[in-house]
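Now for the letters of each chain:
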Amino acid sequence: MRTRRYPLAAIAGVVSAAVFLAAAELVALLAAKEASPLLALGGFVIDIVPQPVKELAIAVFGAMDKVALLAGLGVAVAVAAVLAGMLQLRFPPSGLIVIGAAGAATLATTVTRPGATALAWAPSVVGVVAGGVVLVALIRRLRPPSSAPEEGVDRRGFLLIATIAGASALVVGLGSRALNGVTTSITAIREALRLPSPRSRVTIPDGAELDVPGLSPLFTPNADFYRVDTALTVPTVDPAEWRLIVDGMVGERIELTFDDLLAMGLDEYAVTLTCVSNEVGGGLVGNALWQGVPVRDVLALARPQEGADMVLSTSVDGFTASTPLTSLTDDAIDAILAVAMNGEPLPLEHGFPVRMVVPGLYGYVSATKWVTELTVTTFAQDEAYWTPRGYSAKAPIKMSSRIDTPRSGTPVDAGTVAVAGVAWAQTVGISRVEVSIDDGDWQEAELSAPVNEDTWVQWKLAWEAEAGTHYIAVRATDADGNLQIQERAPIAPDGASGWQRTLVTVRG
Ligand SMILES: Nc1nc2c(c(=O)[nH]1)N[C@H]1C(S)=C(S)[C@@H](COP(=O)(O)O)O[C@H]1N2
Ligand SMILES: [Mo]
């Protein structure tokens, strides 16, 4: 019987790659948690991918963008593995060279990742060795040195090694990854955490929430709150080990523990967070009640020096944001180090245990999650994560208004239709929202009672809808009398602008 050797060689490649990754995951679990080659490679791709591609990925895959990235990486690894197997059969040792090159790539990314430890090299190196040994052993079964081509293939030996190696790789790899995801234990720590009661609570005025089906709630439940970050896996930070360092242009470098921070006293704040990637009418905006400590109180302990104009906040995963120093020290702006969101400790994906929240600035220049360091510096001297990637170093949130209901794809019945949505102009407040049907006169909508100037308001308008298709447009005016910018702008470099206009269908 003629054994087809190339398909077997392809299998040999895939099994070797699985052994490589599994051995690396095991070593990562034992010696260097952050140095999982696949995740480091994924993180590296996130950092180098051009912004338009990143936006496309978010648009196409939505919240699944990271899953899609991992799936894509998996396909790339599989293709490389098949190639390595076939190459090793035909032109040894070129298959080994492919594995070595893959190892060199993951080595380079793991040792240069933020938070890399002294043993960050180990998973890649052990992975390459294990994968290489299995590849050589398998391919040898396909070409015994003494035999003529197509003959003397040790099929049984091949299948035995392939099965054992493949199965162990699956068990060890998946098991290690699962154990490495200490997420579970940090979840337990978070659930057991009891924060001190805040000294003050936000007063919610009567009429702060309108009752219209389909309208966003005044406060966005944590589970529905948008999530945007560059973290491929959610960072897991134990509050007992968390430290906040304040350094740079300061009179004294300080270091706070979580308890130190809590001891400064918590207050409650209502702030609407907005992402610079939010398109007009988009959902990357949410409103929450936060509990935290003013950043200005923490900075004051370190005494920022004359000449500084920026604070670079750094996350445990290396993300950075540049915030004007004045936005953090101004008594009128409630910039906080937040520990709670809507009455519970920050969810892991929203920055547990501590994040920044600064009213009036887009998240990428202010809302650092898993924050561990505040460096007092200057815009001239330092730049943050998104600055060299095409976004402005400074980015106040642009006033905007959004139509929540009726929605474009959902027809409504003729008659009285409640048109409603939200509008925000953080640090200033909204004074008016107007709606225009089919480009007719602007009609003033009813506003909810504002909680404060940092939160969105809800608006609604009763519309006598006739059968057919209609345009609904919305625009807001802030408390200083400025009209929302009509001119359309893309999200880069400092946020989208324009009035939302949607097409709705009314059934007769
Ligand atoms: N560590 C870290 N913090 C981060 C980011 C990030 O990528 N990493 N993204 C920022 C951006 S762009 C936004 S809009 C907000 C989003 O916060 P949320 O995910 O809690 O809604 O977090 C900010 N903080
Ligand atoms: Mo953002």
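What counts and how
- Residues numbered from 1 in each chain as written.
- Chains lettered and ligands numbered in written order.
- Predicted model: local features only at pLDDT ≥ 70, side-chain atom pairs only at ≥ 80, totals over all residues.
- Heavy atoms only, no water.
- UniProt positions renumbered as here; feature names shortened; annotations may be inferred.
- Helix = DSSP H or I, 4+ residues; strand = E, 2+ residues; numbered from the N terminus.
- Near = heavy atom within 4 Å.
- Polar contact = N/O pair within 3.5 Å; in protein donor to acceptor, adjacent residues only side chain to side chain.
- Areas by Shrake-Rupley, 256 points an atom, 1.4 Å probe, with all protein chains shown as cover.
- Domains from an automatic or database assignment.
- Salt bridge = Lys/Arg side-chain N within 4 Å of Asp/Glu carboxyl O.
- Buried < 20%, exposed > 50% of the residue type's maximum accessible area, 1.4 Å probe, protein only.
- 1 Å grid on protein atoms, 1.4 Å probe; cavity = no way out; pocket = protein on both sides within 12 Å on 5 of 7 lines; lining within 4 Å.
- Points joined across faces, edges and corners; volume = space filled by probe spheres on them.
- Nonpolar A, V, L, I, M, F, W, Y, C, P; charged D, E, K, R; others polar.

Caption draft 1: Representation of the UniProt feature "domain: Oxidoreductase molybdopterin-binding" (unreviewed entry) in the chain within the structure. When the UniProt feature table is mapped onto this chain, "domain: Oxidoreductase molybdopterin-binding" (unreviewed entry) is found at residues 232–383. Counting secondary structure, residues 232–383 comes out at 12% helix and 38% strand; the distance between its end C-alpha atoms is 22 Å.

Caption draft 2: Here's a closer look at the site of ligand 1. In the vicinity of ligand 1 there are 19 residues, among which Y226, T230, H350, R355 and K369 approach most closely. Within the backbone of V228, a nitrogen or oxygen atom sits 3.0 Å from an oxygen atom of ligand 1. Between H350 and ligand 1, the recorded distance is 2.6 Å, taken from a side-chain N or O atom to an oxygen atom. The fraction of the free accessible surface of ligand 1 (520 Å²) that becomes covered by protein chains is 99%.

Caption draft 3: Layout of the domain arrangement of the chain. Under the domain assignment used here, the chain contains domain 1 (2–182), domain 2 (222–389) and domain 3 (400–507). Measuring from the centre of the C-alpha atoms in domain 1 to the corresponding centre in domain 3 gives 51 Å.

Caption draft 4: Expanded view of the UniProt feature "domain: Moybdenum cofactor oxidoreductase dimerisation" (unreviewed entry) in the chain. UniProt marks residues 398–485 with the feature "domain: Moybdenum cofactor oxidoreductase dimerisation" (unreviewed entry), using the numbering shown here. Taken end to end, residues 398–485 has its terminal C-alpha atoms 8 Å apart, with 0% of it in helix and 57% in strand.

Caption draft 5: Layout of the pattern of salt bridges. All told, the structure shown has 17 salt bridges when counted by the stated rule. R190 is the partner of E344 in a salt bridge, and the nearest nitrogen-oxygen pair spans 2.6 Å. Of this pair, E344 sits in strand β8 (residues 344–345) while R190 sits in helix α8 (residues 183–192), and the two are 154 residues apart along the sequence. Taking the relative accessible area as the measure of exposure, E344 reaches 34% and is therefore partly exposed.

Caption draft 6: Layout of empty space enclosed by the protein. Enumeration over the complete set of coordinates arrives at 2 cavities of 30 Å³ or more. Put simply, the largest cavity is a space of about 70 Å³. In terms of lining residues, the largest cavity is bounded by T274, C275, N278, E279, V280, Y362, K398, S400, W424 and A496. Of the residues assigned to the lining of the largest cavity, the class counts are 5 nonpolar, 3 polar and 2 charged. There are two domains that each give the lining of the largest cavity at least three residues, and those are domain 2 (222–389) and domain 3 (400–507). If you add up the space inside the second largest cavity, you get close to 40 Å³. Lining the second largest cavity are V280, M399, S400, Q484, I485, A496, S497 and G498. Tallied by class, residues from the lining of the second largest cavity come to 4 nonpolar, 4 polar and no charged.

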